[in-house]
Amino acid sequence: MNYFFAALGLVLTGGVAALIFHRQFLFAKGFSLLLTVAGCALGLASLALPSDGPAADWSLTWLQIFPLSCSVDSLSAFFLVPIFLICPLAAVYNIGYQDDAGASLKTMVGVFFLNLLLVAMALVVVAGNLLTLLLAWEVMSLSSFFLVLYDFKKETTRKAAYLYLVFSQAGVLLISAAFAIIFGSTGSFLFAGAATLPADIKLLVFFLACAGFGSKAGVFPLHIWLPHAHPAAPSHISAVLSGVMIKMGIYGIVRTYLLLGSQDPLIGQAVLVLGMASGVLGVLYALGKHDIKRLLAYHSVENIGIIMIGLGLGMLGATLGNPVMAGFGFAGGLLHVFNHSIFKSLLFMGAGAVVKATGLLHVDDLGGLIKQMPVTGRSFIAGSVSISGLPPGNGFISEFLIYFAAFHGLSETGANLILVMLAIISLAVIGGLAAACFTKVVGIVFLGEPRHEELRSVGEAGSWMSLPMLLLASFCLVIGVFPEPFINAVFRTVAQMVPALTVDHVLVATVGTNLAWASRLLLLMVLLIMAVRKAFSLRKEVARGPTWGCGFTRPTVRMQYSGTSYALSIVSFYRPFARIRTIWSGIDTIFPKQAAYASRVDDIAEIALHRFLVSPVAFVLGKLRWIQHGHIQLYIGYIIGTIAVLLLIFFL
Amino acid sequence: MINMTNTILVIILLSVLLSLASNRLSALVRIMALQGVMVSLTPLFLEHHSNLGSGGLIFFQIMILIKGLLIPGLLFMAVRKVSITREIEPLIGYHASLFFGLVCILLSGYITSRLQVSLPAGHELLLITAITTLAAGLFLMMGRTKAITQVIGYLMLENGIYLIGTALTKQSHTLYVVEFGVLLDLLVGVMIMGIILHNINHAFDDVDTTLMRRLKD
Amino acid sequence: MESILSFGVALLVAPLFPGIILKVKAFFAGKKGPPLLIKYYTLVKLLRKGFVYSTSTSLVFRMGPIVVCATALMALLFFPFGGVAPLLFFQGDVIVLFYVMGLGRFFMVIAALDTASPFEGMGAAREAFFGTLAEASIFTMLILFYRMNGSLSLAGYFTGPEAISQTAPAGALLLLVIVALFMVLLAENSRVPVDDPATHLELTMIHEVMILDHSGPDLALIEYGSFCKLLFYASFVAMLIYPFHQFGPVLAMALFYGAVALVYVAIGITESIMARLKMNLVPKYILTSFTLAFFAVILSMGISQ
């Protein structure tokens, strides 16, 4: 583990160095970036080393009573890859993104917390016992809280950060409760103890942990903090939060599942249902949102849903003794974790480039940016194709594996069969809606005509920002066109993760090869048609003119179809799940002067949370206001009273 | 060999679904005619019903005549005479109706799998179809505003009951005497409905049942 | 060899069949109608012409027709016409194919949005919306096919002794699927009652309005792509109606293309006797098709128990 800890040390030093040297802005940036990148490279390399890779462990007893331990197994190694891959790219991006030397201290505090977050996430995945996991989890939550709070001068940011803090602390509470049950019945912090619990306690532990970890992952209906926190945080932070950090919640769910080793089908069914709800509703709300970063945040909910569908199919398959379903389900879910970390950080970086260049976030204010920002635009399109799950992007590969698992689950009976069928249908719906949503973003933001004159003069993002985007976009295509090594790697992980599962290697290899050839064939076809078109366009005149206005001779850029109108008919189809509020001033005279129209789509989880949890709690707590007098003596009295009561209860 | 019974049952289900989705009255009546013919053909293709006497044949011919021709014809006349607007005007929207159809068929599949003990072999699809038809008929009566759609819903309900009778028994056509009686009642009902609608139409401007609330005092 | 031939024939005859639809419609209208080969003439005419590009457009606009055509051709590569084994097949190819066609739709839509025309944006929004619903319907059908024959590839569905047919147990359910697939065919290929290819008002169009600004060979590529897509769906319906694999390859091909022609005649008749639905009724229409497929799937559970 030495190299691994050395890597984390380097990263942490990079963060501290940024704080120390914040007065020399450029030096601090460069030095900390160097250390961070070196640390992450070392971390990635250490995964390949036999002494440090899977099966390495380390332990220490802290303050004589708290045992801390770390160990790397195949699952941890799998989750470490996106951490060490995406975070340094975000750091590189940040060099170009936050280039205001005047706000040096603020920037460097951001760098410090980002590096701290990186270390904490790495420790979460390698944690070898319950206590270490909880401690690392808390450091992760707090450092990410400060990152969300980065623009603390804005009211909305403070609110978003507060909301995030509430959710993450409530989540920690649930996780602690789950771990406390394990500790209470085994008397040790060891992971291994969980397997010895009685079956119904296992279920309780799983659901507590699932709610706790799920609130971090953004599983419906605990996703509410995501769409607030992401627009508030700077874009490279959103990229890390959405691309990497929320996956820690998935890690937690998978880890808990593996530790419990429960054979109850209820677990798989619950995860599957949660996945379907998050997937469909996430993409639906994404369609209804027109702030690019909020929209991307809802897409994180959707992709977490897809991952959960995969994992749920895996768990169900493992319980029902269906190895193909189980293997492909787990593999698809895990591969989607990796894929999503790539394309989601790419998209957030693209959104960040747009925001930095224009200062605008609402899609209906933008337009035609691909002409001014070709690199950003093209890599954004690559990311959009991937996140919509279309070939030849990488998202398709993982979605295909999940489909494959689901179709092989159709041999089951009863409720499981219906769930599997619904999983296939919801995957299809998610795919279609995601494509609709990203055609909206790409088409309204990057294509067409600029909706403001100032947009014609914006420039391309600097090379520090475009380099990570280009790299990530090429990762998307490389995984899509050469998927075999990635599929094989993820199946190796699954095989070590669930040793009882035997997936036919020949089948895995064939699926990988077939997918690879299908993607290459698609590219070949496109090239072929390009050649044909080239052949027919030789020596042809190319005229240019305005767009055909269908007989209308004086079109303006404001007449373009807007994102709102593009999405509204789709969202209103699903109206019971998405409340649409419209404000329409109406036309009352024959020659109307000015009219206004606005619509917004509300999240039913948010409405329900407000109506059924926050309002009643606030009402009850409001009744208890009289306790609060503001006299310190009274509060000391409360403390004494409480201790006395607790002691009495304890001794009687 | 194509299984004729299943094909007919699938066509009945198709008609049920289309009737939930259709938004034109005349289309709905046409669908009901198709359904009536198919429903009265069903027993002929069940194996143990196949040896029919001449009485049975006449019986089924009359069935087809009433269900497929007479009742739809009367309904058509009602639609034409009373000059009801062509739109169906649902109380419960089309999307929700289709969704109801899905839930309905899921439930009837479940009920059928529970009832399996008392069923003759090979009648599962028949019973599923019967229950779905029955429930969809009730739903049409509940979810549409016009008086004429309520009659159509009642007709569908009757089709469902007839199919359930067919599914649950092994006897020959003599059993259908009761259903035949019901059918005749229904026929009379449709005629009376036509006359009443005609008169209401003369007395009032509209035949929308939601407007009949005004008659209550 | 047979496979290459069948693919080649399909490529050749794809523009022939839409001519049949025009003939049928002309017959219903009491007219003589355009010649049967009209679509070939159109393609040749378009290929000879030059380009006109809108100043609003970018590279995406030029990529659109290429991707649309490539994805449609790719779908034909995997289709077993008349039960003759296709050029390529593997377990899971249907999923890949429908997603590849999704890529075609993606580029079609963003190419339309690239022109900055409000009408094309409207068409794009409709295409994206109806596409999502049709996709759900298609995947529900795939569930039924998998339950009937345990295969996930077009070749698996329609070739060999295990092929899907109405004579198989639970084969009667295919009737529902045929109706559902025909409805999806009309929706996905922009035919009446979802879209009217012959209308003259841009506000009411879906597919035609999206390609308003394409010209010359670009337009030819899009047109050819949509002929191929229509042939793909029509062949799908024809193969479900009757699997031709037990005949020899030549006879099977002849009978198969006869059946395909019948499907096109059916499209023509539908177009002649129906009017286009109001736009707000189109979701209901596609939902009906989804419900039909779902009915079939649930019934397959009931029958197989």
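Residues numbered from 1 in each chain as written. Chains lettered and ligands numbered in written order. Predicted model: local features only at pLDDT ≥ 70, side-chain atom pairs only at ≥ 80, totals over all residues. Heavy atoms only, no water.

- Looking at an unreviewed UniProt entry, one finds chain B named Hydrogenase-4 component E, with Desulfofustis glycolicus DSM 9705 as its source organism.
- Quoted straight from UniProt, the Subcellular location (unreviewed entry) entry for chain B says "Cell membrane". (UniProt positions renumbered as here; feature names shortened; annotations may be inferred.)

1. Description of the layout of surface pockets
Right, on to step 1. Each pocket or cavity is described by its volume, and for the largest pocket that value is around 1,600 Å³.
Right, on to step 2. As for the largest pocket, its lining consists of 45 residues, and the residues nearest its centre are Phe573, Tyr574 and Phe577 of chain A, Phe99 of chain B together with Leu287 of chain C.
Right, on to step 3. The set of elements that each furnish at least two residues to the lining of the largest pocket consists of helix 10 (265-288), helix 16 (414-446) and helix 20 (563-573) of chain A, helix 4 (94-115) of chain B together with helix 6 (118-149) and helix 12 (282-304) of chain C.
Right, on to step 4. What lines the second largest pocket is a set of 36 residues, and nearest its centre among them are Leu18 of chain B together with Met183, Pro193, Met274 and Tyr285 of chain C.
Right, on to step 5. Of all the secondary structure elements, the ones that give two or more residues to the lining of the second largest pocket are helix 1 (4-21) and helix 2 (25-45) of chain B together with helix 8 (174-188), helix 10 (216-241), helix 11 (249-273) and helix 12 of chain C.
Right, on to step 6. Sort the elements by how many residues they give to the lining of the second largest pocket and helix 8 of chain C lands first, with six residues.
Right, on to step 7. By residue class, the composition of the lining of the second largest pocket is 24 nonpolar, five polar and seven charged. (1 Å grid on protein atoms, 1.4 Å probe; cavity = no way out; pocket = protein on both sides within 12 Å on 5 of 7 lines; lining within 4 Å. Points joined across faces, edges and corners; volume = space filled by probe spheres on them. Helix = DSSP H or I, 4+ residues; strand = E, 2+ residues; numbered from the N terminus. Nonpolar A, V, L, I, M, F, W, Y, C, P; charged D, E, K, R; others polar.)

2. Comments concerning the packing of helix 15 (residues 394-408) of chain A against helix 19 (residues 505-537) of chain A
Residues and elements named next belong to chain A.
Right, on to step 1. Between helix 15 and helix 19, the shortest axis-to-axis distance is 11 Å and the interhelical angle comes to 135 degrees. Here helix 15 is positioned oblique relative to helix 19, judged by the angle of their axes. Viewed along their axes, helix 15 and helix 19 form a crossing whose handedness is right-handed. Contacts between helix 15 and helix 19 pair Phe396, Ile397, Phe400, Leu401 and Phe404 from the former with Leu507, Val511 and Leu515 from the latter.
Right, on to step 2. By residue class, the composition of the contact of helix 15 with helix 19 is eight nonpolar, no polar and no charged. (Axes fitted to C-alpha atoms, helices over the stretch in contact; angles between N-to-C directions. Parallel < 35°, antiparallel > 145°, perpendicular 65-115°, else oblique. Left-handed = near helix turned anticlockwise from the far one by under 90°. Contact = heavy atoms within 4.5 Å.)

3. Some remarks on the environment of Ala220 of chain C
Residues and elements named next belong to chain C.
Right, on to step 1. Secondary-structure assignment places Ala220 in helix 10.
Right, on to step 2. Residue class for Ala220 comes out buried when judged on its relative accessible area of 4%.
Right, on to step 3. Sequence spacing of Ala220 and Ile241 is 21 residues, and the spatial spacing of their C-alpha atoms is 31 Å.
Right, on to step 4. The contacts of Ala220, once residues within four sequence positions are left out, are Leu43, Leu46 and Leu47. (Buried < 20%, exposed > 50% of the residue type's maximum accessible area, 1.4 Å probe, protein only.)

4. So, empty space enclosed by the protein
Right, on to step 1. Enumeration over the complete set of coordinates arrives at eight cavities of 30 Å³ or more.
Right, on to step 2. Of the voids in this model, the largest cavity is the one considered here, and its volume is about 130 Å³.
Right, on to step 3. Every residue lining the largest cavity is counted, 15 residues in all, and those nearest its centre are Gly432 and Ala435 of chain A together with Gly102, Arg105 and Glu135 of chain C.
Right, on to step 4. Every element with two or more residues in the lining of the largest cavity is listed here: helix 16 of chain A together with helix 5 (93-113) and helix 6 of chain C.
Right, on to step 5. Looking at the lining of the largest cavity residue by residue, the classes come out as seven nonpolar, six polar and two charged.
Right, on to step 6. Computed from the structure, the second largest cavity encloses a volume of approximately 110 Å³.

5. Topic: the pattern of salt bridges
All names here are of chain A.
Right, on to step 1. All chains considered together, the criterion is met by 17 salt bridges over all chains.
Right, on to step 2. Note that Asp99 and Lys356 form a salt bridge whose closest N and O atoms lie 3.2 Å from each other. Pair noted here: Asp99 is in the loop between helix 3 (74-97) and helix 4 (104-126) and Lys356 is in helix 12 (residues 323-358), with a separation of 257 residues, a long-range link.
Right, on to step 3. You can call Asp99 partly exposed: its relative accessible area is 45%. (Salt bridge = Lys/Arg side-chain N within 4 Å of Asp/Glu carboxyl O.)

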